Amino acid sequence: MQSPWKIFMVVPLFLLPPLQSSASPPYEDQSRLSHSNGHTCVEKLFLKTTCYLIVDKFGSDIIKLLSADINADVVCHTLEFCKQNIGQPLCHLYPLPKEAWEFTLEKARQIVKKSPILKYSRSGSDICSLPFLAKICQKIKLAIEQSVPFKDVDSDKYSIFPTLRGYHWRGRDCNDSDESVYPGRRPDNWDVHQDSNCNGIWGVDPKDGVPYEKKFCEGSQPRGIILLGDSAGAHFHISPEWITASQMSLNSFISLPTALTDELDWPQLSGATGFLDSTVGIKEKSIYLRLWKRNHCNHRDYQNISRNGASSQNLKTFIESLSRNKMLDHPAIVIYAMIGNDVCNGKRDTVPAMTTPEKFYSNIMQTLKYLNSHLPNGSHVIFYGLPDGTFLWDNLHNRYHPLGQLNKDVTYAQLYSFLNCLQVSPCHGWMSSNKTLRTLTSERAEQLSNTLKKIAAKEKFTNFNLFYVEFAFHEIIQEWQKRGGQPWQLIEPVDGFHPNEVALLMLADRLWEKVQLQWPQVLGKENSFNPQIEEVFGDQGGH
């Protein structure tokens, strides 16, 4: 696999064709900017260095090639970022040149034959090879692999910075020099002297001498929300403004540094743990925000333990990033939502690479045993079934991808074919023109869902109850159509695979309603003291 930074340099090559500007506002997180100066420097350093590196090393030759009417596929192969291995098909996103491919490629190579650009691309160098960034790269890589905050002074797995696995992913620390202070813990001495659980409620009521935490939270059954998920749970999102020339402006990339340092995920807007107001203007809220609305003592008690590419098979490599102490912390609602990668992969022979029901069962039981040894008594675990992903091809294949909307030259079917050819598709089984393969993938997904359902019905654990919920995307589609929408509007437009923010919030709403109707004990009590908490503590310190 190529270096991520090298891949990042390749991406602009496919975004070059039409250049025309207009703007639409990107995702923007203005929360707690006063705490993010250190992270902002890191983000700006990476983005600025990468941009300068691309322009300095490649800009002149890219301009020469484009001026000669060389398309983006040929540019990519000329600069040797794209390669055709012997015996493998030629992978291309845009229509092939009218002249023979080898002739066009040789023509392009002649244009840049004396350029130092090829020496650089062959060297394997990337942005992390720069001496002043090597150490930072290593620390960031470690934080991402372990799914813990990059900046965490007291090593309690909580941070005062938003990105690089900071409080976008789990509740913001309110004292990063004291490892005994973090969101989700039971209050220390009713938080008379300090806010030990970061919910913004502490001190003593001068009217009667009773600690506020005791007065407002005792017996209210506080609990947190923890998501064990994949890129869908983390809310993977690439803004169309970044790749659509007709929508680009100086403001289009304001959110790019944040996105890059959150692995192109937006957990702060996700269906499970999102804490920011929705950017899409719908009424539905995240599970966390509804838990907070139900009981303000739950403030900041959220953890998004999700990772791009996560599955039942590799969860064991980062589940230890979960923060919960059986003796010291409140119970938690854990949502297990590995909804795709046990059936999704980019391999040409994709079916043998899917997780078998037997292996899936073993993986799930291993995860549950770990949770039982770490979750406080009274917790709950909810399994999310896998979806029937055939709706992707059915609703998108003949539509134009953002890269092809201006010139009407790239459909989602072409994008899927291109990704499959490169063997980098997020899901060859569902993102395929082969109906039989799509059906086989859905059948395996159903088998794995049935495994989850059986485990939830039969297995018992001392510290939590088990529940199973179908991933009823068809219900979301029906509801969206009632509102006048179309099914394709629920899918991320750039990758053509992930549920978007609208879909994630609607799924969260459907999950909440089901749990509230069938298993209300999971959600805890409604806190009658919420108005008093607001009166005394306002926004409880924000997020």
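Above: the structure in question.
This is a predicted model, so every value here is computed, not measured.

All chains considered together, the criterion is met by five disulfides. Across the disulfide, Cys217 is cross-linked to Cys297 (sulfur-sulfur distance 2.0 Å). What sets the handedness of the Cys217 and Cys297 disulfide is the S-S torsion sign, and at about -90° it is left-handed. Residue Cys217 is located in helix α7 (residues 212–217), and its partner Cys297 is located in the loop between α10 (287–294) and β2 (302–306); the two are separated by 80 residues in the primary sequence. Neither Cys217 nor Cys297 differs from the other in exposure class; each is buried. Residue pairing for Cys344: its cysteine sulfur links by disulfide to Cys427, the two sulfurs lying 2.1 Å apart. Here the disulfide of Cys344 and Cys427 is left-handed, its torsion about the S-S bond being about -70°. With Cys344 in the loop between β3 (332–337) and α11 (357–374) and Cys427 in the loop between α13 (412–422) and α14 (435–458), this residue pair connects regions lying 83 residues apart in the sequence.

Next up on the list: unusual backbone geometry. Of note, the phi angle at Asp69 is positive, near 60°, even though the residue is not glycine. Structurally, Asp69 can be placed in the loop between α2 (37–67) and α3 (72–78). Since its relative accessible area comes to 73%, Asp69 is described here as exposed. Unusually for a residue other than glycine, His235 sits at a positive phi of about 65°. Tracing the chain through its elements places His235 in the loop between α8 (231–234) and α9 (256–260). Overall, the relative accessible area of 0% leaves His235 in the buried class.

Looking at the element boundaries, Asn395 is found in helix α12 (residues 390–396). Looking at Asn395, the relative accessible area reads 25%, which means it is partly exposed. In this structure the C-alpha to C-alpha distance between Asn395 and Trp488, which are 93 residues apart in sequence, comes to 5.6 Å. Apart from residues no more than four positions distant in its own chain, Asn395 is found in contact with Pro487 and Trp488. Of the polar contacts made by the side chain of Asn395, one reaches the backbone oxygen of Phe391; its length is 2.9 Å.

In this section: the packing of α11 against α14. For the pair α11 and α14, the least separation of the axes is 10 Å and the interaxial angle reads 40°. As judged from the angle between their axes, α11 and α14 are oblique. Once α11 is placed against α14, the crossing between them reads as right-handed. Counting all contacts with α11, which are made through Pro357, Phe360, Tyr361, Ile364, Met365 and Leu368, the residues of α14 involved are Arg444, Gln447, Leu448, Thr451, Leu452 and Ile455. Residues belonging to the contact of α11 with α14 are distributed by class as follows: nine nonpolar, two polar and one charged.

A word on the nonpolar core. Grouped together as the largest cluster of nonpolar side chains are 102 residues, with contacts concentrated most on Leu368, Leu371 and Phe383. Looking at which domains feed residues into this core, each of domain 1 (1–12 + 43–146) and domain 2 (223–525) supplies at least three. Not counting chain neighbours up to four residues away, the residues in contact with Leu371 comprise Leu228, Ile319, Leu322, Val334, Val381 and Phe464. Ranked by size, the runner-up nonpolar core spans 14 residues in total, among them Val74, Cys76, Leu79 and Cys82.

With that out of the way, let us pick up a negative patch on the surface. A cluster of like negative charges, contributed by Asp388, Asp394, Glu443 and Glu446, occupies part of the molecular surface. Following the sequence through the fold, Glu446 ends up in helix α14. Glu446 sits in the exposed class, given a relative accessible area of 51%.

Turning to its location among the elements, Asp176 is positioned in the loop between α6 (131–146) and α7. A distance of 3.1 Å separates the side chain of Asp176 from the backbone nitrogen of Val153, its partner in a polar contact.

Let us look at the sheet that holds strand β5 (residues 464–469). By way of backbone hydrogen bonds, the strands of a sheet pair with one another, either parallel or antiparallel. Ordered in space as β2-β1-β3-β4-β5, the five strands form an open sheet in which the pairing is parallel. Either end of the sheet is taken by a strand with one partner, and the two such strands are β2 and β5. Within this sheet the neighbouring strands show an average axis-to-axis angle of 15°, counted without direction. Relative to β2, strand β1 (residues 224–229) runs parallel, the two being bridged by five bridges. Counted as the bridge partner of Leu227 is Asn304 from β2. Against the sheet, α14 makes contact with β4 (379–384) and β5, and its axis sits at roughly 145° relative to β5, the strand it touches most.

About the criteria used
- Residues numbered from 1 in each chain as written.
- Predicted model: local features only at pLDDT ≥ 70, side-chain atom pairs only at ≥ 80, totals over all residues.
- Heavy atoms only, no water.
- Disulfide = S-S within 2.5 Å.
- Helix = DSSP H or I, 4+ residues; strand = E, 2+ residues; numbered from the N terminus.
- Buried < 20%, exposed > 50% of the residue type's maximum accessible area, 1.4 Å probe, protein only.
- Contact = heavy atoms within 4.5 Å.
- Polar contact = N/O pair within 3.5 Å; in protein donor to acceptor, adjacent residues only side chain to side chain.
- Axes fitted to C-alpha atoms, helices over the stretch in contact; angles between N-to-C directions.
- Parallel < 35°, antiparallel > 145°, perpendicular 65-115°, else oblique.
- Left-handed = near helix turned anticlockwise from the far one by under 90°.
- Nonpolar A, V, L, I, M, F, W, Y, C, P; charged D, E, K, R; others polar.
- Core = buried A, V, L, I, M, F, W, Y, C linked by side-chain atoms within 4.5 Å.
- Domains from an automatic or database assignment.
- Patch = residues over 30% accessible without salt bridge, like charges linked within 9 Å, V, L, I, M, F, W, Y side chains within 5 Å.
- Areas by Shrake-Rupley, 256 points an atom, 1.4 Å probe, with all protein chains shown as cover.
- Salt bridge = Lys/Arg side-chain N within 4 Å of Asp/Glu carboxyl O.
- Lys, Arg positive; Asp, Glu negative; His and termini not counted.
- Charge placed at Lys NZ, Arg CZ, Asp CG, Glu CD.
- Pairing = 2+ DSSP bridges.

Everything listed is a geometric property; what it means functionally is a separate question.
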